[in-house]
Amino acid sequence: SSAINTAMDASTMLKQTFSLLTDEQLSLIATAMHDEECINFSNQHDVAMWQDQIHNNSLFRDVLQSEQARAVAACANVTNAECRADCEVYNDVMGWIPIILSGNATK
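Residues numbered from 1 in each chain as written. Predicted model: local features only at pLDDT ≥ 70, side-chain atom pairs only at ≥ 80, totals over all residues. Heavy atoms only, no water.

What follows is about the packing of helix H3 (residues 47–56) against helix H4 (residues 58–74). In a pair of packed helices, the angle between the axes and the distance between the axes together describe the arrangement. Here H3 crosses H4 at 90°, and the two axes come no closer than 6 Å. Taken together, H3 and H4 sit at an angle that is classed as roughly perpendicular. Contact residues: H3 offers Trp50, Gln53, Ile54, His55 and Asn56, while H4 offers Ser58, Phe60, Arg61 and Leu64. By residue class, the composition of the contact of H3 with H4 is 4 nonpolar, 4 polar and 1 charged. (Axes fitted to C-alpha atoms, helices over the stretch in contact; angles between N-to-C directions. Helix = DSSP H or I, 4+ residues; strand = E, 2+ residues; numbered from the N terminus. Parallel < 35°, antiparallel > 145°, perpendicular 65-115°, else oblique. Contact = heavy atoms within 4.5 Å. Nonpolar A, V, L, I, M, F, W, Y, C, P; charged D, E, K, R; others polar.)

Structure below.
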C-alpha cells in the first residue's frame with residue numbers, strides 16, 4: 001500500500017516541498033537548471049523531469065549537496081545522533097526532492 005501511495009503522491013509531495021522552499025532556494029534551482037530545462041507551471045511537479053535533473057544535471061546535484069552541507073552545519077551542535085539526523089532532514093528541505101523521487105518518502 002505504501003508503494004502505491006508513494007507513486008501516486010510523488011507529484012503532490014513535490015508540490016508541498018516546493019511550497020516550503022525559500023525564494024533564495026528556488027532561485028538556486030532555477031539558476032542550476034537554466035540551460036537544462038525551463039521550469040514552468042506545467043512541469044514543476046513532474047516526477048520524470050526531476051529524476052532527469054538529478055541524474056543528468058551536475059549543477060542541480062551541486063545545489064542539493066550545498067544545501068545538505070548547510071543543514072549539516074546548522075545541526076552540528078545537536079549531540080544526540082537520532083535528533084541530529086532529524087534536524088538535518090528538517091533543515092534540508094531541498095534534500096526531500098531526491099527522497100521523494102527514490103520512493104522512500106516515508107523515510
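Past the structure itself, the notes keep going.
Think of an α-helix as turning once every 3.6 residues; residues three or four places apart then point the same way. The complete set of buried residues in helix H2 (residues 23–33) reads Gln25, Ile29, Ala32 and Met33. The buried side chains of H2 occupy one side of the element, clustering within an arc of 90° when seen end-on. Exposed residues lying more than 90 degrees from the buried face of H2 are Asp23, Glu24 and Thr31. (Buried < 20%, exposed > 50% of the residue type's maximum accessible area, 1.4 Å probe, protein only. Arc of directions from axis to C-beta.)

Further remarks concern the layout of surface pockets. Estimated volume of the largest pocket: approximately 360 Å³. Lining of the largest pocket is provided by 16 residues; of these, Gln68, Asp92, Gly95, Pro98 and Ile99 occupy positions nearest its centre. Mapped by element, the contributors of at least two residues to the lining of the largest pocket are H4, helix H5 (81–91) and helix H6 (96–102). Among the elements that line the lining of the largest pocket, the one with the most residues is H4, at 6 residues. (1 Å grid on protein atoms, 1.4 Å probe; cavity = no way out; pocket = protein on both sides within 12 Å on 5 of 7 lines; lining within 4 Å. Points joined across faces, edges and corners; volume = space filled by probe spheres on them.)

Among the nonpolar cores identified, the biggest contains 19 residues, and Leu14, Phe18, Ile29, Trp50, Phe60, Met94 and Ile97 are the most heavily contacted of them. Breaking this core down by element, the ones donating at least two residues are helix H1 (2–20), H2, H3, H4 and H6. Per-element accounting of this core gives the leading share, 4 residues, to H1. (Core = buried A, V, L, I, M, F, W, Y, C linked by side-chain atoms within 4.5 Å.)

What follows deals with the packing of H2 against H4. Direction vectors running N to C along H2 and H4 enclose 155°, while the axes themselves pass 8 Å from each other. By the angle between their directions, the pair H2 and H4 is classed as roughly antiparallel. Relative to H4, H2 is oriented so that their crossing is right-handed. Along the contact surface, H2 presents Gln25, Leu28, Ile29 and Ala32, while H4 presents Leu59, Phe60, Val63, Glu67 and Arg70. (Left-handed = near helix turned anticlockwise from the far one by under 90°.)

Taken as a whole, this structure holds 1 salt bridge when the rule is applied. The residue Arg70 makes a salt bridge to Glu67 at a minimum N-O spacing of 3.3 Å. Note that Arg70 and Glu67 are positioned in helix H4 at a spacing of 3 residues, about one turn of the helix. (Salt bridge = Lys/Arg side-chain N within 4 Å of Asp/Glu carboxyl O.)

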